[in-house]
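Take a look at the letters that make up each chain.
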Amino acid sequence: MSKTYRVAIVDSDPSARQALHNLLVGLGHHVELTVGSIQQLEHTSTANVDLLIYDVDSDENWDLVNQLLSIAPETPLIIATSTVDIPFLESKIANHVFGVVLAPIREAELAATIVVAGQRFHEFQELKQEATSLRTALDDRKVIEQAKGVIMKKL
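As the structure is a prediction and not an experimental result, all values here were calculated from the model.

Undergrad: Outline the overall build of the chain, supporting the account with residue identities and numerical values.
TA: Regarding its fold elements, the chain presents five helices and five strands. Of the regular secondary structure in the chain, the N- to C-terminal order runs β-α-β-α-β-α-β-α-β-α. Here the C-alpha atoms of the chain give a radius of gyration of 21 Å, more than 25% beyond the 15 Å that 2.2 N^0.38 yields for 155 residues. Structurally, the chain occupies a C-alpha span of about 75 × 35 × 30 Å along its principal axes. Relative to its full complement of 155 residues, the chain shows a buried share of 33%. Of all intrachain contacts in the chain linking residues separated by at least 6 positions in sequence, the fraction that spans at least 24 positions is 59%. The average position of the 13 basic charges and that of the 21 acidic charges among the side chains of the chain differ by 16 Å.

Right, dumping it as structure tokens:
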């Protein structure tokens, strides 16, 4: 394993939470937080978490994914589910979810998904930072060009 992640698990089923916890620990990751609902996650700090895993176990939980993303926008999210709502995933959250694993979760699949999610999230963060930097440079350039125009007009 190349990187150890500090993980938060959100799963309403205590036995599934424990099974996922055991899988993650077996892979060498640190489970920092386990909660049964997104509402419980709202009342805790995710500052020490590198990765969120959310078990979408019912149709209404798909609607809560965006709420979860607003709680921890700077943390990659992996969805664990037994069924994937592809239209919802494509239309609402595909750009913010960095992995999906299907239940029953297999150790090898989870390990690969975590590696890919971590890499893609890191690349995503770098691109966001670069875009911000380029926007700032462009705005600065506009001001400089306006100032040059004023100076040229006066001279």
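Undergrad: Account for the sheet that holds strand E2 (residues 30-35), with residues named and values stated.
TA: The strand order across the open sheet built from five strands is E2-E1-E3-E4-E5, with neighbouring strands paired in parallel fashion. In this open sheet, the two strands that pair with only one neighbour each are E2 and strand E5 (97-102). If you compare each strand with its neighbour and ignore which way they point, the axes differ by 20° on average. In this sheet, E5 lies alongside strand E4 (residues 77-81) in parallel orientation, the contact comprising five bridges. In the strand pairing of E5, Ala 80 is matched with Val 101. Of the strands in this sheet, strand E1 (6-10), E2 and strand E3 (51-56) touch helix H1 (residues 14-26), which is tilted by about 170° from E2.

Rules and cut-offs
Residues numbered from 1 in each chain as written. Predicted model: local features only at pLDDT ≥ 70, side-chain atom pairs only at ≥ 80, totals over all residues. Heavy atoms only, no water. Helix = DSSP H or I, 4+ residues; strand = E, 2+ residues; numbered from the N terminus. Rg over C-alpha atoms; globule rule 2.2 N^0.38 Å. Buried < 20%, exposed > 50% of the residue type's maximum accessible area, 1.4 Å probe, protein only. Contact = heavy atoms within 4.5 Å. Lys, Arg positive; Asp, Glu negative; His and termini not counted. Charge placed at Lys NZ, Arg CZ, Asp CG, Glu CD. Pairing = 2+ DSSP bridges. Axes fitted to C-alpha atoms, helices over the stretch in contact; angles between N-to-C directions.

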